[in-house]
Amino acid sequence: EPEVTQTPSHQVTQMGQEVILRCVPISNHLYFYWYRQILGQKVEFLVSFYNNEISEKSEIFDDQFSVERPDGSNFTLKIRSTKLEDSAMYFCASSETLTGPDSNQPQHFGDGTRLSIL
Amino acid sequence: AQSVAQPEDQVNVAEGNPLTVKCTYSVSGNPYLFWYVQYPNRGLQFLLKYITGDNLVKGSYGFEAEFNKSQTSFHLKKPSALVSDSALYFCAVSLAAGNKLTFGGGTRVLVKP
C-alpha cells in the first residue's frame, strides 16, 4: 500500500537555525498537509496546500513557517528561525480529491519527524 | 469553529471484552468524522470515517463507530478487544473535502491479557 514518507525521522537543531522537513506524499494525491504534535498534547493543524498554494493555515503557522512543493514529488516545511517551543513531532499528510458524496477521502499520514530544538 | 472532545484520557479493558472509546464533536454544519490510531513512534493510521448514510460505519481491524447526530457523538467500538489494540486513538472532524482535521486530545487504550 502506498505510504507518505518523511525525512529525517529525527532532527536536532540549535535555536535560531533554519530547518527543512521533507515529505513525499502518495503519488496520486493532490491535497497536502502539515500537523504537529507537541509531546503529550493533541495533534494540531498547521497548513494545507492544494494546487500549488496554501489553502488554509492556522495561527501557529506564522511568518517563520513556509511550505513548498519544489518538484512533482516532494512537499517541504521550512522553519526559518527555530524556537524552543517548535520542538514537536511534525506530521505530513496527503489525501486524494474525488467528487460526489464520498469526496472527503481520509488523510494519510507519514510517521513524522521529531524536531528537537536545543 | 469546530472542536472534538474525548472525555477519557485512558481506557482499560480485558482482552476479549468489548471496547468503547468516546468522542463528541461540535461543528457548524455537517460533520465529516474520522477515527485514527497511533502506535508508538508511528504516524496516525486511518481506521474509519463517517461522511453520510448509515450511522454505523465499519472500519479496519474489526472496529466500528456509530454516528449520533442528536448527541453529536461518534463513539468507536470493538466487540472483542485484542492486546494488540493497545494504542492511542484520535477522533477528528472536518467540514469539507480537503479541509483541515481538528483532533480530539486522544484516548490511550490498554488491553490487558
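Look up: the structure comes first, before these words.
These numbers were taken from a predicted model, which means no experiment stands behind them.

Engineer: Whenever I open this one, unusual backbone geometry confuses me. Can you help?
Structural biologist: Of all residues except glycine, most have a negative phi; of all peptide bonds, most are trans. Between Thr-7 of chain A and the following residue, Pro-8 of chain A, the backbone shows a cis peptide bond with an omega angle of -10°. As for its position among the elements, Pro-8 of chain A is in the loop between strand 1 (5–7) and strand 2 (10–13). We note that Asn-41 of chain B has phi near 60°; this positive angle belongs to a residue other than glycine.

Engineer: Can you walk me through the state of the cysteines in this structure?
Structural biologist: Using the criterion set out here, one finds 2 disulfides over all chains in the structure. In this model Cys-23 of chain A forms its disulfide with Cys-92 of chain A; the gap between the sulfur atoms is 2.0 Å. Between Cys-23 of chain A and Cys-92 of chain A, the S-S torsion sits near -65°, and that sign places the bridge as left-handed. Of this pair, Cys-23 of chain A sits in strand 3 (residues 19–24) while Cys-92 of chain A is found in strand 9 (residues 88–95), placing the two residues 69 residues apart along the sequence. Like Cys-92 of chain A, Cys-23 of chain A is buried. Note on cysteine connectivity: Cys-23 of chain B is disulfide-linked to Cys-91 of chain B, with sulfurs 2.0 Å apart. Looking down the S-S bond of the Cys-23 of chain B and Cys-91 of chain B bridge, the torsion is -60°, so its handedness is left-handed. Of the two residues, Cys-23 of chain B is situated in the loop between strand 3 (19–21) and strand 4 (24–26) and Cys-91 of chain B in strand 10 (residues 87–94); the sequence distance between them amounts to 68 residues. Grouping residues by exposure puts Cys-23 of chain B and Cys-91 of chain B together as buried.

What counts, and at which threshold
- Here the residue numbers are simple positions, counted from 1 along each chain's written sequence.
- Each chain gets a letter, beginning with A, and each ligand a number, beginning with 1, in the order they are written.
- In keeping with the predicted nature of the model, local features appear solely for residues at pLDDT of at least 70, side-chain atom pairs appear and are counted solely at 80 or more, and the whole-chain, interface and lining totals rest on all residues.
- With hydrogens and water set aside, each side-chain value is computed from the structure's full complement of heavy atoms.
- Here a helix means four or more residues in a row that DSSP labels H or I, a strand means two or more in a row labelled E, and each is numbered from the N terminus.
- In this description, the term disulfide denotes a pair of cysteine sulfurs within 2.5 Å.
- Residue exposure (1.4 Å probe, protein chains only): buried if accessible area is under 20% of the type maximum, exposed if over 50%, otherwise partly exposed.

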